[in-house]
Amino acid sequence: MKRPFTKAGFFTFMRAQFSSQISSLFDFAVTILGAKLLDIYYVYATSLGSVAGGILNCFINYYWTFKAQDCKKKYVVIKYFIVWMGSIFLNTWGVYLLTESIQRVPWVQDTLYHIFDDIFIVSKIVVSLLVGWFWNYNLHRFFVYKDCKIRRPLRRKVVPVETPSKTKKRNIYELQDF
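The structure displayed is predicted, hence computed values, not measured ones.

Parameters at a glance
- Residues numbered from 1 in each chain as written.
- Predicted model: local features only at pLDDT ≥ 70, side-chain atom pairs only at ≥ 80, totals over all residues.
- Heavy atoms only, no water.
- Helix = DSSP H or I, 4+ residues; strand = E, 2+ residues; numbered from the N terminus.
- Buried < 20%, exposed > 50% of the residue type's maximum accessible area, 1.4 Å probe, protein only.
- Areas by Shrake-Rupley, 256 points an atom, 1.4 Å probe, with all protein chains shown as cover.
- Axes fitted to C-alpha atoms, helices over the stretch in contact; angles between N-to-C directions.
- Left-handed = near helix turned anticlockwise from the far one by under 90°.
- Contact = heavy atoms within 4.5 Å.
- Nonpolar A, V, L, I, M, F, W, Y, C, P; charged D, E, K, R; others polar.
- Core = buried A, V, L, I, M, F, W, Y, C linked by side-chain atoms within 4.5 Å.

A. Main features of the overall build of the chain. The number of helices and strands found in the chain is five helices and two strands. Of the regular secondary structure in the chain, the N- to C-terminal order runs α-α-α-α-α-β-β. Expressed as a percentage of the 178 residues in the chain, the buried residues total 36%. With the model as given, the accessible surface of the chain reaches about 11,800 Å², and the carbon-plus-sulfur share is 66%.

Structure below.
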């Protein structure tokens with residue numbers, strides 16, 4: 001895995017941000033389409049947008065951002081799904097809590113209504129940026145696309161160990177976790 005403060009690590013981060021922007025645009029389109037045109041409750045529309053954006057993001061990250069073609073797709077999908085469920089939870093509840101909090105402060109609500117006709121769009125922008133930077137990128141980089149074999153941390157390896165003996169040397173084996 002590329003270190004974050006090297007040239008390669010920087011370009012991986014930039015590819016991840018670009019991938020995130022493409023996925024977020026798709027996420028926002030589905031969310032706003034659902035909430036505005038289809039009249040779906042904004043919390044449900046946020047969840048649908050997160051699902052749509054997440055699927056697109058997984059494909060882009062697999063083939064382009066982290067270039068993980070040497071990873072088996074089923075392992076990436078399993079690990080991505082785990083991270084993605086956390087992301088959907090954080091996005092959905094973050095948007096809900098921030099939107100409800102903003103609506104409780106009249107002057108903030110009035111100020112934002114001059115720019116946006118729905119407050120939840122501001123919440124969606126803020127929450128998606130925070131979740132993307134602090135949750136998604138780090139877990140994708142260090143968990144989903146780093147170790148391509150999900151079973152590797154779970155398997156045990158037998159390693160020969162020599163023990164000193166006065167009469168003869170013999171090999172014994174001990175189990176080590178890798």
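This is not the end of the story, as more comes after the structure.
B. View of the packing of helix 1 (residues 7-37) against helix 5 (residues 119-144). Contact geometry for helix 1 and helix 5: axes closest at 11 Å, N-to-C directions at 150°. Crossing of helix 1 over helix 5 shows right-handed handedness. Residue-level contacts link Gly9, Phe13, Ala16, Gln17, Asp27, Phe28, Thr31, Ile32 and Ala35 of helix 1 to Phe120, Ile121, Lys124, Ile125, Ser128, Trp133 and Tyr137 of helix 5. Of the residues assigned to the contact of helix 1 with helix 5, the class counts are 10 nonpolar, four polar and two charged.

C. Looking closely at the nonpolar core. Of all hydrophobic cores here, the largest spans 14 residues; its most connected members are Tyr62, Ala68, Cys71, Val76, Tyr80, Val144 and Tyr145. Of all the elements in the fold, those that place two or more residues in this core are helix 2 (42-65), helix 3 (73-103) and helix 5. Per element, the largest residue contribution to this core is five residues, and it comes from helix 3. Of all hydrophobic cores here, the second largest spans nine residues; its members include Tyr42, Val43, Ala45 and Phe120.

D. Spatial organisation of the environment of Tyr145. For Tyr145, the position within the fold is in the loop between helix 5 and strand 1 (156-163). Along the chain, Tyr145 and Asp70 lie 75 residues apart, while their C-alpha atoms are 9.9 Å from each other.

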